[in-house]
Amino acid sequence: DTAVSQTPKYLVTQMGNDKSIKCEQNLGHDTMYWYKQDSKKFLKIMFSYNNKELIINETVPNRFSPKSPDKAHLNLHINSLELGDSAVYFCASSQYRSHSGANVLTFGAGSRLTVL
Amino acid sequence: KQEVTQIPAALSVPEGENLVLNCSFTDSAIYNLQWFRQDPGKGLTSLLLIQSSQREQTSGRLNASLDKSSGRSTLYIAASQPGDSATYLCAVRYTGGFKTIFGAGTRLFVKA
């Protein structure tokens, strides 16, 4: 199936640990994103990569490091996890630009991170 | 500052009612606007995308409009059903940086 898939779906870990979330899309999109949805359900962009190049880097602690080995993959590594990192992390993809603006943003199912 | 606001934050209606969800944005230099639906504990499902040059889009019982000059979009849901109960999110992709900003969402509950 064509989709944005992310793993793991659930992640429970202790404070101070390092963890990674992986994302893959087979939609042929050239841009991928990480969004964070906090406990109040507000979605906020963290990072975006276009063809493996970082194009959006919001004010995110440098404990968060995205990596894009190719345009179909965008991983998120988090060092020294803190309680406040508990959230649902969504991966998304789209075409960066089109003449008409008809480039749909497509989301993965989310990865729920719980830091104890 | 580029912001997206959705009103109301929550809405409860009886089944069969027509309803309107509102989205406003502060910067008219938009690339497109997308409406999403999110069910509890699930990901986001794209409902409609309106390109900057368009005024509205329709899909089934859903109709979304865009008025760039006033910085507003509305999502109209006709003949609401209990299965429409979800959170509806408005997302504006701005030109210049191509960042997509989300509103906080409207939580809709349709009573049977």
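Note: the structure precedes this text.
Worth saying up front: this structure is predicted, and the values here are computed from it rather than measured.

Caption draft 1: Geometry of the packing of aromatic side chains. Scanning the model with the defined rule gives eight aromatic pairs over all chains in all. An angle of 40° between the planes, with centres 6.3 Å apart, marks the rings of Tyr33(A) and Tyr35(A) as tilted. With respect to class, Tyr33(A) is no different from Tyr35(A); both count as buried. Ring centres 6.3 Å apart and planes at 35° place the aromatic pair Phe64(A) and Tyr89(A) in the tilted group. You can see Phe64(A) sitting in strand E7 (residues 64-70) and its partner Tyr89(A) sitting in strand E9 (residues 87-94), a full 25 residues away along the chain. The exposure classification of Phe64(A) matches that of Tyr89(A), with both residues buried. Aromatic rings pair up to connect Tyr33(A), Tyr35(A), Phe90(A), Phe107(A), Phe36(B) and Phe102(B) into one cluster.

Caption draft 2: Here's a closer look at unusual backbone geometry. Looking along the chain, the bond that leaves Thr7(A) and enters Pro8(A) is cis, with omega of -5°. Looking at the element boundaries, Pro8(A) is found in the loop between strand E1 (4-7) and strand E2 (10-13). For the bond running from Ile7(B) to Pro8(B), omega is 0°, close enough to zero to count as cis. On the secondary structure map, Pro8(B) appears in the loop between strand E1 (4-7) and strand E2 (10-14). The phi dihedral of Lys41(A) falls on the positive side, at around 70°, and the residue is not glycine. Here Lys41(A) is to be found in the loop between strand E4 (31-37) and strand E5 (43-50). The backbone of Ala79(B) shows a phi angle near 45°, a positive value even though the residue is not glycine. Tracing the backbone shows Ala79(B) in the loop between strand E8 (72-77) and strand E9 (86-94). Take Ala79(B): its relative accessible area is 37%, and that puts it in the partly exposed class.

Caption draft 3: The arrangement of the layout of surface pockets in detail. Here the largest pocket is characterised by a volume of approximately 410 Å³. Lining the largest pocket are 25 residues, and of these Lys41(A), Gln38(B), Pro40(B), Gly41(B) and Thr87(B) lie nearest its centre. Elements that contribute at least two residues to the lining of the largest pocket include exactly E9 of chain A together with E9 and strand E11 (106-111) of chain B. The biggest single contributor to the lining of the largest pocket is E11(B), with three residues. Its boundaries defined by the atoms lining it, the second largest pocket holds a volume of some 310 Å³. At the level of elements, E5 of chain A together with strand E10 (100-102) of chain B are the ones that each hand at least two residues to the lining of the second largest pocket. Along the lines of polarity and charge, the residues of the lining of the second largest pocket split into six nonpolar, two polar and five charged.

Caption draft 4: Geometry of the sheet that holds strand E7 (residues 62-67) of chain B. Residue and element names in this part refer to chain B. Taken in spatial order, the five strands of this open sheet run E1-E3-E8-E7-E6, and their pairing is antiparallel. Lying at the two open borders of the sheet, with one neighbouring strand each, are E1 and strand E6 (56-59). When the angles between neighbouring strand axes are averaged without regard to direction, this sheet yields 15°. Across four bridges, E1 lies against strand E3 (residues 19-25) in antiparallel orientation. Bridge pairing links Thr5 to Ser24 in E3.

About the criteria used
Residues numbered from 1 in each chain as written. Chains lettered and ligands numbered in written order. Predicted model: local features only at pLDDT ≥ 70, side-chain atom pairs only at ≥ 80, totals over all residues. Heavy atoms only, no water. Phe/Tyr/Trp six-rings, centres within 6.5 Å; stacked < 30°, edge-to-face > 60°. Buried < 20%, exposed > 50% of the residue type's maximum accessible area, 1.4 Å probe, protein only. Helix = DSSP H or I, 4+ residues; strand = E, 2+ residues; numbered from the N terminus. 1 Å grid on protein atoms, 1.4 Å probe; cavity = no way out; pocket = protein on both sides within 12 Å on 5 of 7 lines; lining within 4 Å. Points joined across faces, edges and corners; volume = space filled by probe spheres on them. Nonpolar A, V, L, I, M, F, W, Y, C, P; charged D, E, K, R; others polar. Pairing = 2+ DSSP bridges. Axes fitted to C-alpha atoms, helices over the stretch in contact; angles between N-to-C directions.

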